[in-house]
Amino acid sequence: MGSTVWPSAVDGDSAIRDGECGYHHLLDTGWCTPGGGGGLRTIAARRRRRLASNGSLHMNEEEIAVSTILSPLGVAADATPETPSRRARWPWFGVAAAAAGLVSSMLTINDLDEEIVAQGVDVLDHLDRGRFHVAFVVGLIGVALLFVTSTGWKRWAETHAPDDLAARTIGPALAATATINVIFVCLTGSMALYMPGGTDEGWLSREAMFVNYTLLDFGQLLGWWGGMVAAGCVASLALRRINVVPRWMGIVSVVLMLPAAAMALVMGLPGFPGLVMPIWLAVMSIGLVVSRKIRA
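Anyway, here's the lowdown on the structure attached to this text. Keep in mind that this is a model prediction, so the values were computed, not measured. (Residues numbered from 1 in each chain as written. Predicted model: local features only at pLDDT ≥ 70, side-chain atom pairs only at ≥ 80, totals over all residues. Heavy atoms only, no water.)

### What to know about the overall build of the protein chain
Phase 1 of the analysis: Looking only at helices and strands, one finds 12 helices and 5 strands in the protein chain.
Phase 2 of the analysis: In the protein chain, of all internal contacts separated by at least 6 residues, the share reaching a separation of at least 24 is 66%.
Phase 3 of the analysis: Accessible surface computed for the protein chain: about 16100 Å², of which carbon and sulfur atoms make up 62%. (Helix = DSSP H or I, 4+ residues; strand = E, 2+ residues; numbered from the N terminus. Contact = heavy atoms within 4.5 Å. Areas by Shrake-Rupley, 256 points an atom, 1.4 Å probe, with all protein chains shown as cover.)

The following block contains the structure:
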């Protein structure tokens, strides 16, 4: 490593200093103070006041040379090239979580005839254990991905809108969806476990298994009411024009929320959010990656 040439603050001559020697020289002469990261920061204001008191308002080339922030190697810190910002990858977890959640939910919805469903406990004879097993595994993956996605939204809010209540609610709302979903996903696993062909076949009565089946009628769809809350928060951010979310994301959120809200209010249908909110999550996650206005 070569030596660093420091301008003398006393007689104007250049003195060759190395490492700490040059550092303390500039400290003693009042040219600089320690800067962040081990660098040197010149007190330009002090030097200008000194020149003004002497009736001189001009600095020579040597004085200008040291009125910058220098690193220990003598390289101007502000000359460091900025690295281009990269798009975050965590929103892709949201896309995967939406796909896994929707697939798992659809596998638990049996397309049986009304006459078969009305048979009560005997409906169990018409169920496919394999579908419940696949729904259980895919559902667990979706829950894990959804927790990661909720944490990503939480970090996004802390970075881009730390004081906005709606922004900070998105992450917890999605975490609530994941928490509720894991309950019904595990009920799906219990169906695969106790149905004929499962490892614990016969350990539960048919009546108990019928209760599990009934709970799964809307079970894996109910947790997505947390997604409805998250969608409302995104709509609020977009439509209030606080310049952190593009307006199209707010419009999409409202369009997907309205059918679920209307069916709940008019018909008392509780499960429709589980069909539309995974689509919402996928669209919002892709928007985080491709939109120029919002940064993940």
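### Topic: the environment of Arg-87
Phase 1 of the analysis: Along the polypeptide, Arg-87 turns up in the loop between β5 (69–70) and α4 (91–108).
Phase 2 of the analysis: Arg-87 gets classed as partly exposed once you look at its relative accessible area, which sits at 28%.
Phase 3 of the analysis: Sequence separation between Arg-87 and Val-289 is 202 residues, and the spatial gap between their C-alpha atoms is 6.4 Å. (Buried < 20%, exposed > 50% of the residue type's maximum accessible area, 1.4 Å probe, protein only.)

### Some words on a nonpolar patch on the surface
Phase 1 of the analysis: A contiguous nonpolar surface patch, about 440 Å² in accessible area, is contributed by Leu-239, Ile-251, Val-254, Val-255 and Leu-258.
Phase 2 of the analysis: Along the polypeptide, Val-255 turns up in helix α11 (residues 247–267).
Phase 3 of the analysis: We classify Val-255 as exposed; its relative accessible area is 52%. (Patch = residues over 30% accessible without salt bridge, like charges linked within 9 Å, V, L, I, M, F, W, Y side chains within 5 Å. Salt bridge = Lys/Arg side-chain N within 4 Å of Asp/Glu carboxyl O.)

### Brief notes about the side chain of Thr-108
Phase 1 of the analysis: Inspection of the secondary structure assignment puts Thr-108 in helix α4.
Phase 2 of the analysis: A distance of 2.7 Å separates a polar side-chain atom of Thr-108 from the backbone oxygen of Ser-105.
Phase 3 of the analysis: Excluding its chain neighbours within four sequence positions, the residues that come into contact with Thr-108 are Ala-135, Thr-188, Leu-216 and Gln-220. (Polar contact = N/O pair within 3.5 Å; in protein donor to acceptor, adjacent residues only side chain to side chain.)

### With respect to the packing of aromatic side chains
Phase 1 of the analysis: Using the criterion set out here, one finds 3 aromatic pairs in the structure.
Phase 2 of the analysis: Relative to Trp-156, the ring of Trp-153 lies with its centre 5.4 Å away and its plane at 70°, an arrangement referred to as edge-to-face. Placement of the pair is Trp-153 and Trp-156 together in helix α6 (residues 129–160), with a separation of 3 residues, close to one helical turn.
Phase 3 of the analysis: Note on Trp-156: relative accessible area 2%, which makes it buried.
Phase 4 of the analysis: The structure contains a cluster of three or more aromatic residues connected by ring pairs, namely Trp-90, Trp-153 and Trp-156. (Phe/Tyr/Trp six-rings, centres within 6.5 Å; stacked < 30°, edge-to-face > 60°.)

### Quick word on the nonpolar core
Phase 1 of the analysis: Counting 40 residues, the largest nonpolar core has Trp-153, Trp-156, Met-277 and Trp-280 as the members making the most contacts within it.
Phase 2 of the analysis: Mapped by element, the contributors of at least two residues to this core are α4, α6, α7 (165–194), α10 (225–239), α11 and α12 (273–290).
Phase 3 of the analysis: With near-sequence residues (within four places) excluded, Trp-153 lies in contact with Trp-90, Ile-170, Gly-171, Leu-174, Val-234, Met-284 and Leu-288.
Phase 4 of the analysis: Ile-116, Phe-184, Ala-192 and Leu-216 belong to the second-largest nonpolar core, a separate cluster that totals 14 residues. (Core = buried A, V, L, I, M, F, W, Y, C linked by side-chain atoms within 4.5 Å.)

### With respect to the packing of α10 against α11
Phase 1 of the analysis: Where α10 meets α11, the axes come as close as 8 Å, and the angle between the chain directions of the two elements is 140°. Classified by the angle between their axes, α10 and α11 sit oblique to one another. In terms of crossing hand, the pair formed by α10 and α11 is left-handed. In this structure, α10 uses Trp-225, Met-228, Ala-231, Gly-232, Val-234, Ala-235, Ala-238 and Leu-239 to contact α11, whose residues at the interface are Arg-247, Met-249, Gly-250, Ser-253, Val-254, Met-257, Ala-260, Ala-261 and Ala-264.
Phase 2 of the analysis: Broken down by class, the residue content of the contact of α10 with α11 amounts to 13 nonpolar, 3 polar and 1 charged. (Axes fitted to C-alpha atoms, helices over the stretch in contact; angles between N-to-C directions. Parallel < 35°, antiparallel > 145°, perpendicular 65-115°, else oblique. Left-handed = near helix turned anticlockwise from the far one by under 90°. Nonpolar A, V, L, I, M, F, W, Y, C, P; charged D, E, K, R; others polar.)

Functional significance is not addressed by these values, which are geometric in nature.
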